[in-house]
Amino acid sequence: MKNLAELQSECQTLGINVTSCGRASKEPYITALQQYHWEREQPGKALPRQIMPMLLEDWTDLDECQAQELEADHHSWIVQQKHDGVRTLFHVQPDGIRITGRCTSEVTYRLTEHQDNVAHLFHGLEGLEGTILDGELVCPFAQVNTGSTITTSPLQAAVAVLAASPEKADHIQRSNEAHLRLHVFDILELRCENVTRLPLVQRLQCLEEAIGRIQNPHIALVPSFVVNKRAIHDNIVSAGGEGSVWKHANSPYEPGKRVSHWIKRKRGLEVEAFVTGFKLGSPERGHSHLVGAVEFSVKEASGSIRPIAWISGWSDQERGVMTWKNLDGTPTLNPTYFGRPAVVVGQDEAGRSRRIRHARLKQWVA
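The rules we used
- Residues numbered from 1 in each chain as written.
- Predicted model: local features only at pLDDT ≥ 70, side-chain atom pairs only at ≥ 80, totals over all residues.
- Heavy atoms only, no water.
- Helix = DSSP H or I, 4+ residues; strand = E, 2+ residues; numbered from the N terminus.
- Buried < 20%, exposed > 50% of the residue type's maximum accessible area, 1.4 Å probe, protein only.
- Pairing = 2+ DSSP bridges.
- Axes fitted to C-alpha atoms, helices over the stretch in contact; angles between N-to-C directions.
- Core = buried A, V, L, I, M, F, W, Y, C linked by side-chain atoms within 4.5 Å.
- Contact = heavy atoms within 4.5 Å.
- Polar contact = N/O pair within 3.5 Å; in protein donor to acceptor, adjacent residues only side chain to side chain.
- Arc of directions from axis to C-beta.
- Phe/Tyr/Trp six-rings, centres within 6.5 Å; stacked < 30°, edge-to-face > 60°.

J.: So what exactly am I meant to see when it comes to the environment of serine 105 here?
T.: As for its placement among the helices and strands, serine 105 is situated in the loop between strand E4 (96–104) and strand E5 (111–113). The class for serine 105 is partly exposed, based on a relative accessible area of 22%.

Right, here's the structure in full:
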């Protein structure tokens, strides 16, 4: 997404007057650009609702005591399986189905929409007009022939289907017998009633009511578990699943916010690696004079060096310590970091690049 200065410049170029109160932020400019482009594409029609799903924290951000407390809980938290798919909101509207994602177009500034590529999800929804479900579009198979490649994970397959033209998406799903499934785990509205303020346990009751009305074999409810949560997570991972999501039973649904009462816990991968490179930070974030990302690699049995991850989630203090100035004043990586060993954790290896997905630094090795 563009930074604030770029959004302001675009609004000025298009002659859009934006009034903001208090500290300047991107939101009013994005809203103004959404409306501007929509009115030119669909004059006289109302802009479709732009609702972002609630976002999750990560289990690895918890300290040891917090993690142990959650695992020992018997009633305040529930666990659901996390599927390896594309997060979506499923809108059942009087005029049809609308499926929105998490990504915003830098051309129209609206959320991406996927309904044209999954028409098999449209039927069996009678009596649910005005309902919004939260879930993931998941491919039932990891290996799917798209015509140009063979996918290696359910997520890659789902993304390939959603990125194709509607005609090609239909062909991919039919020829591979791999129609995307909607795995539903929460609900925002039930027949025009907003239920986001209800605690999760009550929303799940609303969700069960909605799912009970659906007559579509490609739409399924994600089960929730209250007891033996650690064992449930371990069983999911042992069976090859991506992981679990831990949710506070009395929490509301807060669209667009990253909250601490939803925590994703993914299948883990831990590797001892060492520093082999760096990239400078982004000018847009004000970090162009500091180290932005650090490359980690491992040594193969053959003796060759294989990069496995770029890690960029550093604090400003860490960036300052990592950054060194050359004689001409240009920033570079502090030489003491090259070759420095560390433990890198992540979800798993990407199929082609073999790089660790969602890589993070666990600790430096002395």
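J.: Is there a simple way to explain the sheet that holds strand E15 (residues 305–311) in this structure?
T.: The pairing of strands in a sheet comes from backbone hydrogen bonds and takes either a parallel or an antiparallel form. The sheet built from 5 strands is open, its strands ordered E15-E14-E13-E18-E19 with antiparallel pairing. One side of each edge strand has no neighbouring strand; the edge strands of this open sheet are E15 and strand E19 (360–364). Averaged over all adjacent pairs, the angle separating strand axes in this sheet is 45°, with direction ignored. Pairing analysis gives 4 bridges linking strand E18 (residues 341–346) to E19, with the strands arranged antiparallel. Opposite valine 345, over in E19, you have arginine 360 as the bridge partner.

J.: What is the right way to look at the nonpolar core in this model?
T.: Within soluble globular proteins, side chains that are nonpolar generally end up buried alongside one another. If you look at the biggest cluster of nonpolar residues, it comprises 36 residues, and the most contacted ones within it are Phe90, Leu121, Leu133, Leu180, Ile187 and Ile219. At the level of elements, strand E3 (86–93), E4, strand E6 (131–138), helix H4 (154–163), helix H5 (166–175), strand E7 (181–190) and helix H6 (200–213) are the ones that each hand at least two residues to this core. Apart from residues lying up to four places away in sequence, isoleucine 219 is in contact with Phe90, Leu121, Leu125, Leu182, Val184, Ile211 and Ile214. Counting 17 residues, the second-largest nonpolar core is a separate cluster that includes Val291, Val298, Met322 and Tyr337.

J.: Looking at this structure, how should I read the side chain of glutamate 10?
T.: Inspection of the secondary structure assignment puts glutamate 10 in helix H1 (residues 4–14). On the accessibility criterion, glutamate 10 (17% relative accessible area) is buried. Among the polar contacts listed, one links the side chain of glutamate 10 to the side chain of tyrosine 109, at a separation of 2.4 Å. With residues up to four places along the chain from it excluded, the contact list for glutamate 10 reads Lys2, Leu33, His37 and Tyr109.

J.: Looking at this structure, how should I read H4?
T.: Three- or four-residue spacings in an α-helix give side chains the same orientation, since the helix completes a turn every 3.6 residues. The complete set of buried residues in H4 reads Ala157, Ala158, Val161 and Leu162. Relative to the axis of H4, the buried residues are bounded by an arc of 130° and lie together on one face. Residues of H4 that are buried in the fold lie against E3, E6 and H5.

J.: Where do I start with the sheet that holds strand E12 (residues 258–266) in this structure?
T.: The mixed open sheet is built from 5 strands, whose spatial order is E1-E12-E11-E2-E10. Only two strands of the sheet have a single partner each, and these edge strands are strand E1 (55–58) and strand E10 (224–225). The pairing of E1 with E12 spans 4 bridges and is classified as parallel. Looking across to E12, one finds that leucine 56 is bridged to valine 259.

J.: So what exactly am I meant to see when it comes to the packing of aromatic side chains here?
T.: We describe a pair of aromatic rings using the distance from one ring centre to the other and the angle between the two ring planes. By the definition in use, this model includes 6 aromatic pairs. An angle of 40° between the planes, with centres 5.9 Å apart, marks the rings of phenylalanine 296 and tryptophan 364 as tilted. With phenylalanine 296 in strand E14 (residues 291–299) and tryptophan 364 in strand E19, this pair connects stretches of sequence that are 68 residues apart. Residue tryptophan 364 is classed as partly exposed on the basis of its relative accessible area, which comes to 23%. Plain terms: the ring middles of tryptophan 314 and tryptophan 364 are 6.3 Å apart, the flat faces sit at 15° to each other, and that makes the pair stacked. Of this pair, tryptophan 314 sits in the loop between E15 and helix H8 (316–322) while tryptophan 364 sits in strand E19, placing them 50 residues apart in sequence.

Distances and angles like these do not, on their own, reveal function.
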